[in-house]
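Structural overview for review
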Amino acid sequence: GKGNYRHFMEKELHEHPAVLGDTLRQYLDPKTLEVRLPRLPFDPGRVPRLTISACGSAFLAGAVGRYWIEELARLPVDADVASELRYRNPPLQEGGAAILVSQSGETADTMAALRLLREGGQKVLSVVNVPESSMARESDGAVLTVAGPEIGVASTKAFTAQLAVMACLAIGFGRARRELTTLDEGRLTQALLEVPSHAAEILEKDAQIRELAAEVAKARDVLFLGRGSLTPIAFEGALKLKEISYIHAEGYAAGEMKHGPIALIDSNVPVIALCPSGPLFEKTASNLQEAAARGGRIMAFTDADGVGPLSRFAERVIELPKASAFAAPILYAIPVQLLAYHVAVLKGTDVDQPRNLAKSVTVE
Ligand code: F6R
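By the naming in an unreviewed UniProt entry, the chain goes by Glutamine--fructose-6-phosphate aminotransferase [isomerizing] and is assigned to Roseicella aerolata. Here is the UniProt Subcellular location (unreviewed entry) comment for the chain, exactly as written: "Cytoplasm". Reading the Catalytic activity (unreviewed entry) entry of the UniProt record for the chain gives the comment "D-fructose 6-phosphate + L-glutamine = D-glucosamine 6-phosphate + L-glutamate".

**Thoughts on the overall build of the chain**
In terms of helices and strands, the chain carries 14 helices and 12 strands. Since a compact globule built from 364 residues should have a radius of gyration of about 21 Å, the 19 Å found for the chain is in line with a globular shape. If you sum the accessible surface of the chain, you get close to 14700 Å²; carbon and sulfur atoms cover 48% of it. Taken as two groups, the 39 positive and 44 negative side-chain charges of the chain have centres that lie 1 Å from each other.

**Digging into the nonpolar core**
Soluble globular proteins: nonpolar side chains tend toward being buried together. One finds Leu50, Ile69, Ile99, Leu169, Phe173, Phe224 and Ile233 to be the most contacted residues of the largest nonpolar core, which totals 90 residues. Top element by residues in this core is helix 14 (residues 328-347). It accounts for 13 residues. The next biggest cluster of nonpolar side chains, apart from the first, holds 20 residues, and it includes Ile265, Phe281, Leu288 and Ala314.

**Observations regarding the packing of helix 12 (residues 281-293) against helix 13 (residues 304-311)**
Running from N to C, helix 12 and helix 13 cross one another at 30°; their axes reach a closest spacing of 11 Å. Judged by the angle between their axes, helix 12 and helix 13 are roughly parallel. With respect to the hand of their crossing, helix 12 and helix 13 are arranged in right-handed fashion. Residue-level contacts link Phe281, Ala285 and Leu288 of helix 12 to Gly306, Pro309 and Leu310 of helix 13. Each residue belonging to the contact of helix 12 with helix 13 can be placed in one class, and the counts come to 5 nonpolar, 1 polar and no charged.

**A closer look at the site of the ligand**
Every one of the 13 residues lining the ligand counts as a neighbour, but Ser102, Gln103, Ser104, Thr107 and Glu243 are closest to it. Within the backbone of Ser155, a nitrogen or oxygen atom sits 3.0 Å from an oxygen atom of the ligand. In isolation the ligand offers 410 Å² of accessible surface; the protein chains occlude 89% of this area. Contributing elements (two or more residues each) for the shell around the ligand: helix 3 (56-73) and helix 11 (231-245). It is helix 3 that contributes the most residues to the shell around the ligand, 3 residues altogether. Of the residues in the shell around the ligand, the class split is 4 nonpolar, 7 polar and 2 charged.

**Comments concerning the pattern of salt bridges**
The tally for this structure, following the rule as stated, stands at 23 salt bridges. In this structure, Asp221 and Arg220 form a salt bridge, with 3.2 Å as the shortest nitrogen-oxygen distance. Judged by relative accessible area, which is 66%, Arg220 ranks as exposed. Connected via shared salt-bridge partners are Glu215, Lys218, Arg297 and Glu315.

**A few points about the pairing of strand 10 (residues 270-274)**
Of all the 5 residues making up strand 10, 5 are buried; the element is thus mostly covered by neighbouring parts of the structure. Alternating positions in strand 10 separate into two faces, Pro270, Ile272 and Leu274 on one and Val271 and Ala273 on the other, with burial throughout. Note that strand 8 (residues 221-226) and strand 10 share 3 bridges and pair parallel. Pairing of Leu225 across the sheet is with Ala273, part of strand 10. For the segment spanning strand 10, helix 12 and strand 11 (residues 297-302), crossover handedness is right-handed.

**A closer look at the environment of Leu310**
Mapped onto the secondary structure, Leu310 falls in helix 13. Leu310 sits 12 residues away from Ile298 along the chain, and the two C-alpha atoms are 8.9 Å apart.

**So, the sheet that holds strand 5 (residues 97-102)**
In any sheet, the strands associate via hydrogen bonds between backbone groups, in a parallel or an antiparallel arrangement. Across the sheet, 5 strands lie side by side as 4-3-5-6-7; this open sheet has parallel pairing. Of all strands in the sheet, those bounded by a partner on one side alone are strand 4 (77-81) and strand 7 (141-144). Strand after strand, the sheet turns through a mean of 20° between neighbouring axes, direction not considered. Pairing of strand 5 with strand 6 (residues 123-128) involves 6 bridges; the strand directions are parallel. Counted as the bridge partner of Ile99 is Leu125 from strand 6. Most of the contacts of helix 3 go to strand 3 (residues 50-54), to which it runs at about 160°, and overall it touches strand 3, strand 4 and strand 5.

**Comments concerning the side chain of Gln122**
Relative to the helices and strands, Gln122 resides in the loop between helix 5 (108-119) and strand 6. In this structure the side chain of Gln122 is engaged in a polar contact, spanning 3.4 Å, whose partner is the backbone nitrogen of Ala97. When residues no more than four places from it in sequence are discounted, the contact partners of Gln122 are Leu92, Gln93, Gly96, Ala97, Leu117 and Asp140.

Reading the values: rules and limits
Residues numbered from 1 in each chain as written. Predicted model: local features only at pLDDT ≥ 70, side-chain atom pairs only at ≥ 80, totals over all residues. Heavy atoms only, no water. UniProt positions renumbered as here; feature names shortened; annotations may be inferred. Helix = DSSP H or I, 4+ residues; strand = E, 2+ residues; numbered from the N terminus. Rg over C-alpha atoms; globule rule 2.2 N^0.38 Å. Areas by Shrake-Rupley, 256 points an atom, 1.4 Å probe, with all protein chains shown as cover. Lys, Arg positive; Asp, Glu negative; His and termini not counted. Charge placed at Lys NZ, Arg CZ, Asp CG, Glu CD. Core = buried A, V, L, I, M, F, W, Y, C linked by side-chain atoms within 4.5 Å. Buried < 20%, exposed > 50% of the residue type's maximum accessible area, 1.4 Å probe, protein only. Axes fitted to C-alpha atoms, helices over the stretch in contact; angles between N-to-C directions. Parallel < 35°, antiparallel > 145°, perpendicular 65-115°, else oblique. Left-handed = near helix turned anticlockwise from the far one by under 90°. Contact = heavy atoms within 4.5 Å. Nonpolar A, V, L, I, M, F, W, Y, C, P; charged D, E, K, R; others polar. Near = heavy atom within 4 Å. Polar contact = N/O pair within 3.5 Å; in protein donor to acceptor, adjacent residues only side chain to side chain. Salt bridge = Lys/Arg side-chain N within 4 Å of Asp/Glu carboxyl O. Pairing = 2+ DSSP bridges. Right-handed = clockwise from strand over helix to strand, strands pointing away.

Shown next, in the form of structure tokens:
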């Protein structure tokens, strides 16, 4: 049941800290700070190329994985939604491997991509939440997210658990390819192990996020901006908002604003910025400032170091815990999901069963 929560989605949002802890403890050793991956169907030290595919939010978790795997393991990654991959006849490299991501393990397009990739000689690893699913069965290997059953149609805890698994895989691949030292592994593992408590701190920002939701609920269109590994999280914010509140939203890489979307900016379009301090901060902040100069209402999520600089032009700044740049996508996923949730509640939509959507899309 829903316990004391109004919706399954709200209950599942509050399971983030526990689910992230369970998933991370499955693949990280908190004592030695080492990654412990299950047996993989390919040798990450030897594969020449990796394909990542999935649908919807699961694809966005894979898209963050692409940033991490390319950065930490220097392994080239091709990431595409399954509904495209299955029809574009991609040239698959001999000895290549693939990672498919799915909560249900039953999504028709992802299953079709799985079969295409296996027929093309790729070793397929699936990241799934349902151990007895078709995908887990038909893949060459499976890594489980430990999210428990997810009832709300909009994915929440399964999404962050997928991110946690992708992060562990990226570190493991980096070690296997000798791109990371044991010291790097320890530092990255430590950063991940701090995620559950940071997630709990973020859930305590609920009142601030609800205030932001009251503004967003009045809008017809909303923009979400991120950069680097936060870009797929901006897409996730837009997807969630569309899905459950029926407000039109777009996610953009902040650097793309000036190539078109900035023309949309006026005081009616809230711009939700995912802008943690770190190496990409200045770049994103200057894109936001350009939007603010055109009347854009910037609503920023950042950490203690970002609050000062962003407050100079942003209408609202919500401070999240300071985390490593590596862990930021996992943490920033939580407030964008919470925001969509509160907007939907304010709009009175059916949060757990949005119109036209099914939990598991088993038709093409
Ligand atoms: C969005 C959402 C969907 C799913 C997508 C894939 O909130 O839930 O976009 O992520 O339909 O589903 P699975 O992960 O079951 O393959």
